[in-house]
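Residues per chain, in single letters:
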Amino acid sequence: MSPELINLIIQATFESLYMVGVAALLGTALGLPLGVFLATSRKGELFAAPAVNRVLGIVVNATRSTPFIILVVAIIPFTRLVAGTSIGSTAAIVPLTIASTPFIARLVEAAIREVDGGLIETASSFGASPLQIVFKVLIPEALPGLLLALTLAVVSLLGYSAMVGAVGGGGLGDLGIRYGYQRFMPEMMLAVVVVLIALVQIVQSAGDYLARRVNRRLRHR
Amino acid sequence: MVRFEGISKTYPAYRGKPGVNALEGIDFAIARGSITGVIGRSGAGKSSLVRLINGLEKPTTGRVVVDNSDISALAGRELRLAQRSIGMIFQHFNLLSSRTAAANIALPLEIAGWSKAAIKARVAELLDLVGIADKHDRYPSELSGGQKQRVGIARALATRPSVLLSDEATSALDPQTTRAILDLLANINRELGVTIVLITHEMSVVRQLAKEVVVLDAGHVVESGHVADIFTHPKHPITQSFLAEVIGDSLPVSLASRIVPEPVVGSRAVIRVQVRGAGAGDTLIARLARELGLDVSLLSARIDEIGGQHVGSLVLGIPGGESAATRTLAWLSQYQFSAERLGYVA
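Computed from a predicted model, the values in this text were never measured in an experiment.

So, how was this worked out
- Residues numbered from 1 in each chain as written.
- Chains lettered and ligands numbered in written order.
- Predicted model: local features only at pLDDT ≥ 70, side-chain atom pairs only at ≥ 80, totals over all residues.
- Helix = DSSP H or I, 4+ residues; strand = E, 2+ residues; numbered from the N terminus.
- Buried ≥ 20, exposed ≤ 12 C-beta atoms within 10 Å, placed from the backbone.
- Contact = placed C-beta atoms within 7 Å.
- Nonpolar A, V, L, I, M, F, W, Y, C, P; charged D, E, K, R; others polar.
- Core = buried A, V, L, I, M, F, W, Y, C linked by C-beta atoms within 7 Å.
- Pairing = 2+ DSSP bridges.
- Axes fitted to C-alpha atoms, helices over the stretch in contact; angles between N-to-C directions.

Draft legend 1. Quick peek at the overall build of chain A. Secondary structure summary: chain A contains 9 helices and 0 strands in total. Listing every helix and strand of chain A by position from the N terminus yields α-α-α-α-α-α-α-α-α. When the backbone C-alpha atoms are referred to their principal axes, chain A occupies close to 65 × 45 × 25 Å. In chain A, which comprises 221 residues, the share counted as buried stands at 42%.

And the structure:
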């Protein structure tokens, strides 16, 4: 493979990492509070707001059931509004964030719901405010689950990021399609897939390691 | 210290489940510095009752007055401030698995906004009080049940509450550990003057620790008063069944299987005598033998002490046929002993 092609792969890898990294950060910033709220706002819960909970639940489900490639195209006007353009890696961050937020929210919700309800009652019994319960009880107790959820989200984002190539988003997926498929360069396709596999492995291992580290303090001698 | 005034608590029907009247017509007071046991079967309303005291639940009607403030009328910040003067311990300890013993104890202090230095000093003091100073840096997963409950107690006492609520705090512990935890609670009551309210379904807990008792059944207080008074003269069937758990009202199998309803030649009448009060049964057999001239035999006996009073029963064998048995029963009732003839054994 020529140095030019290798340079292309390296550049595309950085584009992918950039899109995924920023989208994961933004998706977490939005999805974490949303997930905590979803987990604590049913009837009789900490921030009880059953109606809001139901509406948000529907919005989350709707976003999650829209195929990503359709989401990307459908929100082009919004993307242009936010990013100033609908083409390129930075623009691709917008649909990636919108797709990952409800996904992360659901994972966070599940992790938070795993926390023993008795702990919420306990904290309430010594006068903790709802926000104190979230920051001092729910999030620390759910931390291993939250880390695994984030890992899963980043891995999914890597998959999604390969699709934004279709609308000129750049990155590894774009490279694979344009060179590997449209120009009949199977070695390019193979290289892209290998890099993606390596990235997923690294992310998953790092996530597992962190979750285990947090967890080891908790459950083992 | 804690006063229930005309309390009822109803859980409304929800998703097809019918509504429940958890508590009805609750009126009683708990004195400052006392140890009160609230005993009842599961579903009697104990959990609801104790959660009314620290405002985790609101009464449907009536009010709960704790330390002269109507806790049932408080909400938000005011309620949270009041809750700091009421500690609570739980059956399953409810420790945060992500925090060490010390950090668990520190949690209510962090929530109350204490300074780091003050928290550190207070936590050391509390670990010492509950006797696990060496477990400072241990996570809950590294502690035994008894040690976890000690952490729970230290945490509940952290903000120097005037009331300590115990929600079946020893139900998940073995008898030996239970005893140690109850001793610790007794010490805390004595040394810190903290009012303790225990809810439990275990008679042994009430017997060992409580001075006052409230018997709860189907959402109603069926009896309340000094432990000694209530259990020497239990009126309600529920109270009697709790008492029976301690003193037992069944005969040894080998004896029960031999009892026949009518006397036969050479048989002895089987008479059960209830023993209630301090030293009540001390000289009973000797006096009975001397005054009636009978060779009284002791077939079975079980006597325990509740609130300093003897409670239990003696099962006596009286020779001499029906007439001797009748004379014995008359003599017993003359001395205010409650007794019954169970039959005859050969």
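Draft legend 2. Representation of the interface of chain B and chain A within the structure. Taken together, the contacts link 21 residues of chain B with 21 residues of chain A. Elements with a contribution of two residues or more to the side of chain B that touches chain A: helix H2 (76–83), strand E6 (86–90) and helix H3 (101–111) of chain B. The dominant element in the side of chain B that touches chain A, judged by the number of residues it contributes, is H3(B), at 4 residues. Considered class by class, the residues forming the side of chain B that touches chain A number 9 nonpolar, 8 polar and 4 charged.

Draft legend 3. Broad picture of the nonpolar core. Judged by nonpolar contacts, the single largest core of 149 residues is most densely connected at Val108(A), Ile53(B), Ile105(B) and Val197(B). In terms of residue count, helix H7 (residues 130–161) of chain A provides more of this core than any other element does, 15 residues in total. When near neighbours in sequence (up to four residues on either side) are disregarded, Ile53(B) contacts Val2(B), Val64(B), Val66(B), Ile86(B), Val163(B), Leu165(B) and Val197(B).

Draft legend 4. Molecular detail of the pairing of strand E10 (residues 220–226) of chain B. All names here are of chain B. Examined bridge by bridge, strand E9 (residues 212–217) and E10 share 6 bridges and lie antiparallel to one another. By the bridge assignment for E10, Val 213 is matched with Gly 225. The hairpin turn running from E9 into E10, its antiparallel successor, is 2 residues long, and Ala 218 in that turn takes a positive phi close to 50 degrees.

Draft legend 5. Broad picture of the sheet that holds strand E3 (residues 35–39) of chain B. Residues and elements named next belong to chain B. Pairing is mixed across the open sheet formed by 6 strands, whose spatial order is E6-E7-E8-E3-E9-E10. Single-partner strands in this sheet number two, and they are E6 and E10. The average undirected angle you get between the axes of adjacent strands in this sheet is 15 degrees. Summarising the sheet, E3 and E9 pair through 4 bridges and their orientation is parallel. The residue bridging Thr 36 from the neighbouring strand is Glu 212, located in E9. Of the strands in this sheet, E6 and strand E7 (163–167) are in contact with helix H5 (residues 145–157), which crosses E6 at around 165 degrees.

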